[in-house]
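# Observations on the three-dimensional arrangement
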Amino acid sequence: MRRTRNWIVATAAVGVLGGAGLVGLGMMRDSGGSAQPLVGTFSEAGAQAAAAPPQRTQEATPTPTKTGPSPAEVRAARVKALNAALKKYAASAPEFSVAVLDRRTGQRYSFRGTEKYETASVVKVQVLACLLLKAQDAKRDLTATELSLAKRMIRLSDNDATTSLFAKLGRASGVSACNKRLGLTETKVNSAWGLTRTTVNDQVKLLAELTDTSGPLDAGSRKLAYTLMSTVDASQDWGVPAVAKSTEKFTVKNGWLARSTENYRWIINSVGRVTGPGTDVSIAVLSHNNGTMSGGIASVQKVAKLTRQHLKY
């Protein structure tokens, strides 16, 4: 039975007051004065002149009232604050990168967005997307065997299942060809799939392709990807899910690997999506050189939470 976690996210609410400033102007009106006796000789021209309304004085142009910062200024201030917070944290933390894509606004954010990291098991999202595209090309659903392997690969992060599907796709060359269709330009597939190198920018792009109605994946493929990534084993719902509120849903795929070439320090990665009332955000956090797995998880979650705190999504 899938466990439920309550994530408490401290969110500072900021209200931006905007509206048009109005300047009220008193409008001068003709006033009716008391009757005055006519003096001099009556003429038609004089009568017309007397009947003509008085000239109005020219009204002053109202001075525009400043209504507060524009949306672009608000966004710039939030990005500046987040950059400062991440730089401060990075001074004492193992190396990390983070990217955020807000699907409601189309706004993207990245910190060290083009730095490359080994994927560990987050590459399994790529393998899943390529498997779904391969089935689409053949105009068929996944076979029972493919579906069983895909479930184990995503929900349980099963390595043997991944190796089987990776081989079925044509290994590194096959997945690399598929990545072109997914628009992944900063990802280098390795024959040892867990050592594939990627960037957070490419990872949020991949997450976008899993939901884009005009992308290469059809509705059935997108639905299956969502189903699998939203039902991972309870022991693996860390990372991106840490930023989700109790009223929101999440998808996630994590990667973790004690890297022998780095004195067995840990690669800890998390990619996923958070959706709910007014929220549809994809997040990717990649990191390495973590002293312990638990410490790396805490670091990745802190970074993800900082993006929500400052970007206000």
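Computed from a predicted structure; not experimentally measured. (Residues numbered from 1 in each chain as written. Predicted model: local features only at pLDDT ≥ 70, side-chain atom pairs only at ≥ 80, totals over all residues. Heavy atoms only, no water.)

## A few points about the side chain of Ser 157
For the record, the criterion: Going along the chain from the N terminus, every DSSP run of H or I of four or more residues is numbered as a helix, and every run of E of two or more is numbered as a strand. Remark: exposure states derive from per-residue accessible area (1.4 Å probe, protein chains only) relative to the maximum for the residue type, with buried under 20%, exposed over 50%, and partly exposed in between.
Looking at the element boundaries, Ser 157 is found in the loop between helix H4 (144-155) and helix H5 (159-168). For Ser 157, a relative accessible area of 8% puts it in the buried group.

## Describing the pairing of strand S5 (residues 249-259)
We apply this condition: Two strands qualify as a pair provided DSSP detects at least 2 bridges between them.
Looking at chain direction, S5 and strand S6 (residues 265-276) are connected through 11 bridges and run antiparallel. Looking at the pairing, Gly 255 lines up with Asn 269 of S6. Counting the residues that bridge the hairpin from S5 to S6 gives 5 residues, and of these Asn 263 lies at a positive phi of roughly 55 degrees.

## A short note on the state of the cysteines
In protein chemistry, a disulfide is the covalent bond that joins the sulfur atoms of two cysteines. The test is simple: Two cysteine sulfur atoms make up a disulfide if the distance between them is within 2.5 Å.
Summed over all chains, the structure comprises 1 disulfide. The disulfide that involves Cys 130 links it to Cys 178, with 2.1 Å between the sulfurs. Here the S-S torsion is close to -100 degrees, and the disulfide linking Cys 130 with Cys 178 is therefore left-handed. Here Cys 178 lies in helix H6 (residues 171-181) and Cys 130 lies in helix H3 (residues 123-137), a separation of 48 residues in the sequence. The pair Cys 130 / Cys 178 is uniform in exposure class, with both members buried.

## Observations concerning the nonpolar core
Inclusion rule: Throughout, nonpolar core names a set of buried Ala, Val, Leu, Ile, Met, Phe, Trp, Tyr and Cys residues whose side chains join them through atoms within 4.5 Å. Here a residue-residue contact requires only that any non-hydrogen atoms of the pair lie within 4.5 Å.
Judged by nonpolar contacts, the single largest core of 43 residues is most densely connected at Leu 128, Met 153, Phe 166, Leu 182 and Leu 210. Counting only elements with at least two residues in this core, the list comes to strand S1 (96-102), H3, H4, H5, H6, helix H7 (200-209), helix H8 (219-229) and strand S7 (279-290). The element best represented in this core is H3, accounting for 10 residues. The contacts of Leu 182, once residues within four sequence positions are left out, are Ala 129, Cys 130, Leu 133, Lys 205, Leu 206, Glu 209 and Pro 216. One finds Val 100, Trp 238, Ala 244 and Tyr 313 within the second-largest nonpolar core, a separate group that totals 30 residues.

## Brief notes about empty space enclosed by the protein
For clarity, the threshold we go by: Both site types are read off a 1 Å grid over the protein atoms alone. A 1.4 Å probe that fits but cannot get out defines a cavity, while an open set with protein on both sides within 12 Å along at least five of seven lines defines a pocket; lining residues have an atom within 4 Å of a point. Grid points are joined across faces, edges and corners, and a volume is the space filled by probe spheres set on the points. When residues are grouped by polarity, Ala, Val, Leu, Ile, Met, Phe, Trp, Tyr, Cys and Pro land in nonpolar, Asp, Glu, Lys and Arg in charged, and all others, Gly among them, in polar.
Applying the stated criterion across every chain, the model contains 1 cavity of 30 Å³ or more. Roughly 80 Å³ of volume is contained in the largest cavity. Broken down by element, the residue count for the lining of the largest cavity peaks at 4 residues, all from H8. Taken together, the residues of the lining of the largest cavity sort by class into 5 nonpolar, 3 polar and 2 charged.

## Observations regarding the packing of aromatic side chains
Formally: Stacked, edge-to-face and tilted labels apply to pairs of Phe, Tyr and Trp rings (six-membered ring for Trp) whose centres lie within 6.5 Å, assigned for plane angles under 30 degrees, over 60, and everything in between, in that order. In this scheme, Lys NZ or Arg CZ marks a charge over a ring once it lies within 6 Å of the ring centre and within 35 degrees of the ring normal.
Enumeration over the complete set of coordinates arrives at 3 aromatic pairs. When the centroid spacing of 5.8 Å and the interplanar angle of 40 degrees are considered together, the rings of Tyr 89 and Phe 96 count as tilted. Overall, Tyr 89 belongs to the buried group, its relative accessible area being 18%. Look at Phe 96 and you get buried, because its relative accessible area is 1%. Ring geometry for Phe 96 and Phe 111: centres 5.6 Å apart, planes at 25 degrees, overall stacked. A residue pair is termed long-range when its members are at least 10 positions apart, and Phe 96 in strand S1 and Phe 111 in strand S2 (residues 108-111) qualify at 15 residues. Residue Phe 96 shares its accessibility class with Phe 111, and that shared class is buried. By the ring-pair criterion, three or more aromatic residues cluster together here, those being Tyr 89, Phe 96 and Phe 111. A cation over a ring is seen here: Arg 112 above Phe 96, with NZ or CZ 5.4 Å from the ring centre. One residue, Lys 302, lies across the ring of Tyr 89, its end atom 5.3 Å from the ring centre.

## Some remarks on the sheet that holds S6
Stated precisely, the cut-off is as follows: Where helices are involved, their axes are fitted lines through C-alpha atoms of the stretch in contact, as for all axes, and angles between N-to-C directions lie from 0 to 180°.
Taken in spatial order, the 5 strands line up as S2-S1-S7-S6-S5 in an open sheet, and their pairing is antiparallel. The open sheet has two edge strands, S2 and S5, and neither has a second partner. Pairwise comparison of adjacent strand axes, ignoring direction, gives a mean angle of 5 degrees for this sheet.

## Comments concerning the pattern of salt bridges
To keep it simple, the criterion reads: Definition used for salt bridges: Asp or Glu carboxyl oxygen within 4 Å of a side-chain nitrogen of Lys or Arg.
Under the criterion given, the structure shown has 10 salt bridges. Here Glu 146 makes a salt bridge to Lys 168, at a shortest N to O gap of 3.4 Å. Of the two residues, Glu 146 is situated in helix H4 and Lys 168 in helix H5; the sequence distance between them amounts to 22 residues. With relative accessibility at 42%, the residue Lys 168 sits in the partly exposed group. Between Arg 273 and Asp 280 there is a salt bridge whose closest N-O contact spans 2.8 Å. Note on accessibility: Arg 273 and Asp 280 belong to one class, buried.

## Considering H8
Convention followed: The arc under discussion is defined with respect to the helix axis, by the directions toward the C-beta atoms. Nitrogen and oxygen atoms within 3.5 Å of one another constitute a polar contact, given that in protein one can donate a hydrogen and the other can accept it, and given that sequence-neighbouring residues count only through two side-chain atoms.
Taken residue by residue, H8 has Ser 221, Arg 222, Ala 225, Leu 228 and Met 229 as its buried positions. Here the buried residues of H8 occupy an arc of 135 degrees about the axis, which is enough to place them on one side. Exposed and oriented more than 90 degrees from the buried face of H8 are Ala 219 and Lys 223. Close packing links the buried residues of H8 with H3, H4, H7 and S5. Capping of H8 at its N-terminal end is provided by Asp 218; its side-chain oxygen lies 3.2 Å from the backbone amide nitrogen of Gly 220.

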